Amino acid sequence: MSRRGYRAPGAQRLVRWAPAIWLTLFFAAPFLLVVRLGFSEAATAQPPYRPVIDWSEGLAGVWAALQGLRLDNYALLLSDPLYVASALTSLQYASAATVLLLLVGFPIAHVLARQPEGRRELLLLLVILPFWTSFLIRVYAWIGILKPEGLLNAALLWLGLISSPLQIMNTGVAVMIGLVYSYLPFMVLPLYATLVKMDHSLLEAAQDLGATPARAFRSVTLPLAAPGIAAGALLCFIPMMGEFVIPDLLGGSDTLMIGRTLWSEFFSNRDWPMASAIAVVLLAVLLAPILAWRRLEDRAADGEAGQ
Amino acid sequence: MSDRLRGDGVAGAARSVKEARPAKERMGKPGRAGLGAVRRDFAPWADPAAAPVIRFEGVCKRFGDAVAIDNLDLSIYRGEFFCLLGPSGCGKSTLMRMLAGFEQPDAGRILLDGVDQAGIPPHSRPVNMMFQSYALFPHMSVAQNIAFGLRQLGLAKADIQTRVDEMLAMVQLAPLARRKPHQLSGGQRQRVALARALARRPQVLLLDEPLGALDRKLREETQFELMDIQEELGATFLVVTHDQEEAMVMADRIAVMNHGRIAQLDTPGRIYEEPANRYVADFIGDVNLLEGVAVGRVDDLWRIACPATGGEVLVASDAMLTAGQQVAVAVRPEKIRIDRARPPDAVNVIPGEVWDIGYLGDWTTYVLKLAGGETLKTSRANVSRRVAEPVTWEETVFASFAPDAAVILTG
Ligand SMILES: Nc1ncnc2c1ncn2[C@@H]1O[C@H](COP(=O)(O)OP(=O)(O)O)[C@@H](O)[C@H]1O
Ligand SMILES: [Mg+2]
């Protein structure tokens with residue numbers, strides 16, 4: 001700005017570059033390694049893949065390693081029904097759970113946003129409270145609830161609603177319960193954030209102009225909550241696609257999700273290249289909804305800029 | 001537009017809509033017709049046969065322990081431009097929101113066109129409201145905002161379009177039809193809100209502080225526009241405001257509210273020239289309230305002993321007083337003249353020392369310090385640009401007012 005030219009002090013420059021440095025070190029570099037692994041082939045060696053760059057040969061070694069890369073893993077990924085099937089299972093569970101989360105989360109967020117200010121903060125705290133306990137422990141707790149001799153069956157038997165225990169553990173139902181339970185705060189918080197900003201007089205105006213409460217909800221609340229709906233849906237859908245712990249602990253053989261497949265490729269089969277290929281494809285596929293979200297956010301920001 | 005402010009009522013009668021309207025009554029009681037400036041010749045409230053379009057009967061509303069509306073009765077007539085005036089928190093919005101159906105009265109009835117509105121939801125009531133915050137739908141264009149109420153009526157697309165165009169033309173916003181609310185100025189948003197509320201052609205339009213968010217100049221222009229639109233549509237306008245000038249300019253009648261009650265319900269002229277009590281006299285305009293005691297009657301004058309003036313003042317009044325009753329004599333500053341010499345033929349003369357002078361351009365106000373220490377506010381129109389020997393600070397002057405310039409207040 002000044003004629004002498006402005007130079008930021010060292011610390012300030014560091015702060016400015018910190019995100020870039022962080023992303024390079026902890027995202028870009030590891031991801032490039034994973035990409036490279038994806039084009040390698042598994043080997044019973046240390047490390048368990050080929051080719052390995054022979055740094056003693058210098059540039060020639062790098063060149064030789066690059067020439068050894070192949071597309072086999074990706075070809076297998078598409079041809080072996082195991083991978084496609086588990087990806088589809090993931091898609092199915094993540095989509096269904098996202099819809100369920102919206103149905104459960106919207107009313108919660110709506111009620112929260114309508115509370116008087118003091119009570120609102122308290123209730124919001126309750127929504128976040130589960131985070132104080134480890135995620136793993138909370139999922140384990142569900143085993144205690146859902147297993148045949150667990151709390152839920154005991155309660156249903158005692159009420160006389162069922163005569164023999166229900167098989168919920170190790171089924172898709174248990175996975176859905178686990179997903180919806182675990183991700184609910186991630187759905188409620190963005191929805192709450194948009195709904196609490198909404199001017200209540202807009203709903204009154206809609207009703208004053210002849211809209212029934214249901215129509216007012218559809219033509220005013222829903223469109224104005226759209227950014228929150230999109231944010232919540234993506235915030236839940238994307239990690240649920242790669243979810244490993246919940247299907248592993250609560251699910252059975254028919255709930256093989258892509259995260260579980262990736263895990264077993266890596267740890268059981270020691271096929272690092274195949275696991276990497278899965279990770280790369282998963283990331284590429286999930287990039288699409290993230291980019292769509294960004295577009296939507298940008299548009300919303302444009303809309304608000306003038307207000 | 002200026003003809004509406006003329007005090008002759010003839011200009012008002014010549015306007016298109018008014019001509020078609022039958023049964024025009026002279027305003028107020030006979031003999032009182034001259035109070036204040038009469039905006040238009042329209043006074044259905046004086047006609048015992050006229051049925052009110054809005055009726056509040058013994059309406060009460062409390063929020064927790066706080067009483068927002070306290071046993072209120074009110075009738076508003078078809079075609080009336082009615083103002084609810086009062087300080088913030090006196091229950092104006094609550095009264096209006098009960099009419100629109102957003103709040104339910106705890107007691108009493110609210111009738112619209114004779115129909116009890118209890119249990120009728122907001123979306124089925126034949127009124128529309130212009131919200132204080134405008135409450136425009138931010139995700140809809142100007143045209144979509146205006147069309148919203150029409151879509152709920154299930155009109156044909158072409159009919160909706162025609163009506164929207166009509167409304168846009170009325171508020172002169174046709175070129176901005178595709179804009180979103182956030183792309184409009186405050187004044188433009190106000191017009192969209194008005195057009196949206198009027199699109200359904202409501203019998204009764206409720207306006208909550210419609211001009212509150214506009215700057216002074218725009219507010220004054222918009223006041224006249226609102227009056228024109230109201231007269232053109234022949235609709236009943238119920239306007240909430242805390243701005244007394246706004247109410248005085250626009251209203252056929254004003255209800256001055258205080259703590260959930262109506263302190264006075266009357267035409268602007270009578271509210272100003274014949275306030276019913278100290279609260280109204282003080283709330284509307286500037287006033288000197290001289291506390292005193294009724295002494296006795298001389299012809300049609302009351303003698304009031306006012307300690308502040310150091311003697312008695314004579315006030316023309318047909319008030320029913322008893323000697324010794326505590327009263328207040330209310331005199332507006334502009335009705336008091338000041339002279340350097342004691343005016344020989346004046347009845348009420350109060351000597352005082354000039355304590356403060358406020359020059360407003362059109363008016364100059366003088367605050368006099370009286371012998372007892374009280375102050376008296378007077379004002380004088382600056383009818384010429386130059387003043388030969390202006391009254392200055394600490395000068396002793398004589399304030400005087402005619403017996404019929406003052407009003408006796410008992411409440
Ligand atoms: N929803 C509400 N909850 C509690 N108190 C309210 C509510 N609405 C209005 N009040 C109270 O009722 C009184 C009248 O309010 P309001 O009608 O908004 O006044 P005005 O419009 O004249 O400023 C105020 O004391 C206000 O605090
Ligand atoms: Mg208000």
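Each chain carries its own residue numbering, running from 1 in the direction its sequence is written. Both sets of labels track the order of writing: A upward for chains, 1 upward for ligands. Totals for whole chains, interfaces and linings use all residues, but because this is a predicted model, local features are given only for residues with pLDDT of at least 70 and pairs of side-chain atoms are given and counted only at 80 or more. As a rule here, side-chain values cover all heavy atoms of the structure and leave hydrogens and water aside.

UniProt positions are given in the numbering used here, feature names are shortened, and annotations may be inferred rather than shown by experiment. Those residues carrying the UniProt feature "domain: ABC transporter" (unreviewed entry) are residues 54-284 of chain B in this numbering. The annotated region residues 54-284 of chain B carries 36% helix and 26% strand content, and the separation between its end C-alpha atoms amounts to 25 Å. Here a helix means four or more residues in a row that DSSP labels H or I, a strand means two or more in a row labelled E, and each is numbered from the N terminus.

Right, let's get into the confidence of the model for chain B. Residues and elements named next belong to chain B. Here chain B shows a mean pLDDT of 88. Residues at 70 or above account for 92%. Each residue carries a pLDDT score, the predictor's own confidence in it, on a scale running from 0 to 100. Any two residues whose heavy atoms approach within 4.5 Å at even a single point are treated as in contact. Across residues 1-33 the pLDDT falls below 50, and counting only partners more than four positions away or on other chains, this stretch makes 49 contacts in the model. This complex was scored by the predictor with a pTM of 0.81 and an ipTM of 0.82.

Taken residue by residue, the interface counts 22 residues in chain A and 23 residues in chain B. Salt bridges are defined by distance alone: a side-chain nitrogen of Lys or Arg within 4 Å of a carboxyl oxygen of Asp or Glu. Counting the contacts that link chain A with chain B gives 1 salt bridge. Two residues, Glu204(A) and Arg97(B), come together in a salt bridge whose shortest N-O distance is 2.7 Å. Pairing of N or O atoms within 3.5 Å defines a polar contact, subject to two protein rules: one partner must be a possible hydrogen donor and the other a possible acceptor, and residues neighboring in sequence count only if both atoms are side-chain atoms. Along the contact surface separating chain A from chain B lie 8 residue pairs in polar contact (both at pLDDT 80 or more). Contributions of two or more residues to the side of chain A that touches chain B are made by α9 (200-208), α10 (213-241) and α13 (272-305) of chain A. In terms of residues, the side of chain A that touches chain B owes the most to one element, α9(A), which gives 7 residues.

A few words now on the domain arrangement of chain B. Residues and elements named next belong to chain B. For the purposes of this description, domain bounds are those given by an automatic or database domain assignment. Taken domain by domain, chain B consists of domain 1 (15-126 + 202-278) and domain 2 (287-409). The straight-line distance from the C-alpha centre of domain 1 to that of domain 2 is 33 Å. Domain 1 puts 8 residues into the contact, and the matching count from domain 2 is 10 residues. Two parts lose some accessible area (1.4 Å probe) when they are put together, and adding that loss for both gives the buried area. Between domain 1 and domain 2 the total buried area reaches about 750 Å² when both faces are included, carbon and sulfur atoms providing 47% of it. Across the domain 1-domain 2 interface, the total number found is 2 salt bridges. In this structure, the salt-bridge partner of Arg278 is Glu291, at a minimum N-O distance of 2.9 Å. By residue number, the principal contributor to the side of domain 1 that touches domain 2 is helix α9 (residues 268-273), which donates 3 residues. Looking at the side of domain 1 that touches domain 2 residue by residue, the class counts come to 4 nonpolar, 1 polar and 3 charged. Throughout, the ten residues Ala, Val, Leu, Ile, Met, Phe, Trp, Tyr, Cys and Pro are labelled nonpolar, Asp, Glu, Lys and Arg are labelled charged, and all others, Gly among them, are labelled polar.

So, about the pairing of strand β3 (residues 81-85) of chain B. Residue and element names in this part refer to chain B. β3 sits mainly inside the fold: 5 of its 5 residues count as buried. Each residue's exposure class comes from its accessible area (1.4 Å probe, protein chains only) as a fraction of the maximum for that residue type: buried when under 20%, exposed when over 50%, partly exposed otherwise. Across the two faces of β3 the burial is the same, with Phe81, Cys83 and Leu85 and Phe82 and Leu84 all buried. Only strands that DSSP links by at least two bridges are regarded as paired with each other. The pairing of β3 with strand β8 (residues 236-241) spans 5 bridges and is parallel. Within the sheet, the bridge partner assigned to Phe81 lies in β8 and is Phe237.

Only the six-membered ring of Trp is used, alongside the rings of Phe and Tyr, when aromatic pairs are assigned; centres must lie within 6.5 Å, and planes under 30 degrees apart are stacked while those over 60 apart are edge-to-face, with the rest tilted. For the structure on display, the rule yields 17 aromatic pairs over all chains. Judged by centre distance (6.1 Å) and plane angle (50 degrees), the rings of Phe102(B) and Phe131(B) are tilted. Here Phe102(B) is found in the loop between α3 (92-100) and β4 (107-112), whereas its partner Phe131(B) is found in the loop between β6 (127-130) and α4 (142-152), with 29 residues between them in sequence. The burial state of Phe102(B) is the same as that of Phe131(B); both residues are buried. Through pairs of rings, three or more aromatic residues link up here, namely Tyr49(A), Phe244(A), Trp263(A), Phe266(A), Phe267(A) and Trp272(A). Positioned above the aromatic ring of Phe42(B) is the side chain of Arg40(B), whose terminal nitrogen or guanidinium carbon lies 4.3 Å from the ring centre. Two thresholds decide whether a charge sits over a ring: the Lys NZ or Arg CZ must be within 6 Å of the ring centre and within 35 degrees of the ring normal. Between the NZ or CZ atom of Arg332(B) and the centre of the ring of Tyr272(B), over which it lies, the distance is 4.0 Å.

A grouping of Arg215(A), Arg218(A), Arg151(B) and Lys157(B) is seen on the molecular surface, where their side chains present a positively charged patch. With respect to the helices and strands, the residue Arg151(B) is situated in helix α4. Classification of Arg151(B) as partly exposed rests on a relative accessible area of 36%. Patch definition: residues above 30% relative accessible area lacking any salt bridge, with like charges linked at up to 9 Å and the nonpolar side chains Val, Leu, Ile, Met, Phe, Trp and Tyr linked at up to 5 Å. Here, Shrake-Rupley sampling with a 1.4 Å probe gives the accessible areas, and only protein chains in the shown set may cover a residue. Neither His nor the chain ends is counted toward charge; the positive residues are Lys and Arg and the negative residues Asp and Glu. Charge placement uses NZ in Lys and CZ in Arg. For Asp and Glu, CG and CD serve respectively.

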